[in-house]
Each structure stands twice: as structure tokens, then as C-alpha cells.
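This is what each chain is made of:
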Amino acid sequence: MKHRVNILLYALSVTLICLFLRDNDYFVLMLIGVTFIFFVALSLGVLFMQYNYFLKSTTELSSDKCLLTFDDGPHPTNTIKILDILAKHEVKALFFVIGEKAEQHPEIIKRIVIEGHLIGNHSYNHNNFMSMYSKSRLRKELTKAQEALWKISGQQVQFFRPPIGYTNPNYASILKEMKLKCIGWTVRSYDTVHKESSKLNERLVSMTKPGNIVLLHDNLDVSANALDTYITSAKSNGILFASSDNIKTIFDA
């Protein structure tokens, strides 16, 4: 919706400038200016899904619970370690898995489901340039991941998170067609940047608030190493995490 409004405003601005200001000394500069503003808005829409520029994404919960989400798995060792820690704390999470990796480690996907966690579609190949895909190519990519996850888990996946969080105008119609709910985040851990688990833990504990959706990566050592201390510290601060009692309806509150 915001993308359509941006296009409309841009077209209207260019039309008005051409009709009434064509002889103005700053005519070219004004055209450059409105074009620059249009592309800045477009770029922000692509890069930051929380702006809901192309489609509506859930970035926070209407709940006092926090939801841990993990991208880019399954990983043969770190995902297992994370599952062990979650079981220890009786916390449930949402794993956005890559279809190709799921096919390589089906036993981990089955364990995720058996232990009461949710799984989400994170594309089949996790191409960093998916935000440039055509509608047909995007549909093929997501469908392939859906089919892989269905075959392994026996569940129809309901949730999706785009690789790197980048979107484009084609996402809204494809996700609606496939009945997928786009899930963003409130707290970005930047575990891809932090190399020390203690630093990552400090960041997460200081930022986590009730109702947050926390983004982590289960393919990274630092996330697996920080998770136990993070959950313990957050709980001591009064943070409640999704559990077996509410994980199935965590987005319905």
C-alpha cells in the first residue's frame, strides 16, 4: 500500500512540475529532487521490512511473552545445542529454516517439530538477491521450500521471513497466494557481527522487552554459546518467553 502511494505521489509531483514549472530555472533540479526522494523511500522499503512498505509484517507481539526466532538453519551442531538449551529452560521458539538445509538434516527438523517449536519458510536457497526476483521466480523459490518442509515435517508451514529481511513489490501477492504470514523482528541481535558471546548476551539482555520478537541465527557458534546465559538473565529481569502453553497461538493474541 505504501509503495503504491509513493508511486502515485511521485507521478503526481512529476506531472505538476512538468505542467507548471517547466520554464523554471530549477526545473531539472526539481525533477532530480522528487526522483531522489522516491528512490530513497523505495530503498528504505526494500531494506527495512518493519516499515511495512510492500507488505504487512508482524514485528511485535500483542502479548507479554517474547518469542525467540532463529534464521538460516538447521545447523548440524549449533541447532542441536540450541534445542537442548531451549528444552532446559522450557522455552519454545520459531525456526526459519532454509529448504535446502532442511533436506540435508531432516532429523533436526523432525526434532524441532516434535519438541513443540514452530518452523517457518526462509526460502529454499537463501539467495541474498531474492529481493530482485520476479514474481514467478519468487513463487517457485518459496513453493520449493514449502514442499520440502511439508515432506519432512508433515506440517503446512504458515510463517515466512525473507532472507536478510529484504522485500520487493512481489512479496505481498505471493505470500497472500500461499497463505504465508510474514514475520519480522523487534530486536535484531546482530549476532552476525558480535564475535563474543558475552557481548551478544549484554546486548540482548539490555534490549529485550515484553512482546519482543528476537532475531538470532542458529547456524552461528556465538548465538548457541550465548543463549543459555541470555535466557537465564532475561528471565531474572522478569522476561517471559513463549512456552508450550502459548507458542501455537503466539501471533493470535
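The paragraphs below set out a description of the structure included in this document. Keep in mind it's a predicted model, so treat the numbers as computed, not measured.

1. A look at a nonpolar patch on the surface
A surface patch of nonpolar side chains, amounting to about 640 Å² of accessible area, comprises Phe 36, Ile 37, Val 40, Leu 44, Leu 47, Phe 48 and Tyr 51. With respect to the helices, strands and loops of the structure, Ile 37 is situated in helix α2 (residues 27-47).

2. Remarks on the layout of surface pockets
What the largest pocket holds in volume is close to 200 Å³. Along the walls of the largest pocket sit 13 residues, with Leu 118, Gln 156, Gln 158, Phe 159 and Lys 248 positioned nearest its centre. Tallied by class, the residues present in the lining of the largest pocket amount to six nonpolar, four polar and three charged. For the second largest pocket, the calculated volume is near 170 Å³. If you trace the second largest pocket, you find 16 residues lining it, with Asp 71, Asp 72, Ile 164, Arg 188 and His 217 closest to the centre. Secondary structure elements with two or more residues in the lining of the second largest pocket: β1 (65-73) and β7 (213-217).

3. Some remarks on the pairing of strand β2 (residues 93-97)
Among the five residues that make up β2, five are buried, leaving the element largely enclosed by the rest of the structure. The side-chain alternation of β2 yields two buried faces, one formed by Ala 93, Phe 95 and Val 97 and the other by Leu 94 and Phe 96. When β1 meets β2, the two strands line up parallel, connected through five bridges. Bridging across to β2, Gly 73 finds its partner in Val 97. The pairing of β2 with strand β3 (residues 118-121) spans four bridges and is parallel. Bridged to Val 97 within β3 is Asn 121.

4. Looking at the packing of helix α8 (residues 197-207) against helix α9 (residues 221-236)
Two numbers describe a pair of packed helices, the interaxial angle and the distance between the axes. Axis separation between α8 and α9 bottoms out at 8 Å; the angle between their running directions is 40°. In terms of orientation, α8 and α9 fall into the oblique class. Helix-helix and strand crossings are classified by hand; for α8 and α9 the assignment is right-handed. On α9, the residues touching Ser 197, Leu 200, Asn 201, Leu 204 and Val 205 of α8 are Val 222, Ser 223, Asn 225, Ala 226, Thr 229, Tyr 230, Ser 233 and Ala 234. A per-class count over the contact of α8 with α9 returns seven nonpolar, six polar and no charged.

How each quantity is defined
- Residues numbered from 1 in each chain as written.
- Predicted model: local features only at pLDDT ≥ 70, side-chain atom pairs only at ≥ 80, totals over all residues.
- Heavy atoms only, no water.
- Patch = residues over 30% accessible without salt bridge, like charges linked within 9 Å, V, L, I, M, F, W, Y side chains within 5 Å.
- Areas by Shrake-Rupley, 256 points an atom, 1.4 Å probe, with all protein chains shown as cover.
- Salt bridge = Lys/Arg side-chain N within 4 Å of Asp/Glu carboxyl O.
- Helix = DSSP H or I, 4+ residues; strand = E, 2+ residues; numbered from the N terminus.
- 1 Å grid on protein atoms, 1.4 Å probe; cavity = no way out; pocket = protein on both sides within 12 Å on 5 of 7 lines; lining within 4 Å.
- Points joined across faces, edges and corners; volume = space filled by probe spheres on them.
- Nonpolar A, V, L, I, M, F, W, Y, C, P; charged D, E, K, R; others polar.
- Buried < 20%, exposed > 50% of the residue type's maximum accessible area, 1.4 Å probe, protein only.
- Pairing = 2+ DSSP bridges.
- Axes fitted to C-alpha atoms, helices over the stretch in contact; angles between N-to-C directions.
- Parallel < 35°, antiparallel > 145°, perpendicular 65-115°, else oblique.
- Left-handed = near helix turned anticlockwise from the far one by under 90°.
- Contact = heavy atoms within 4.5 Å.

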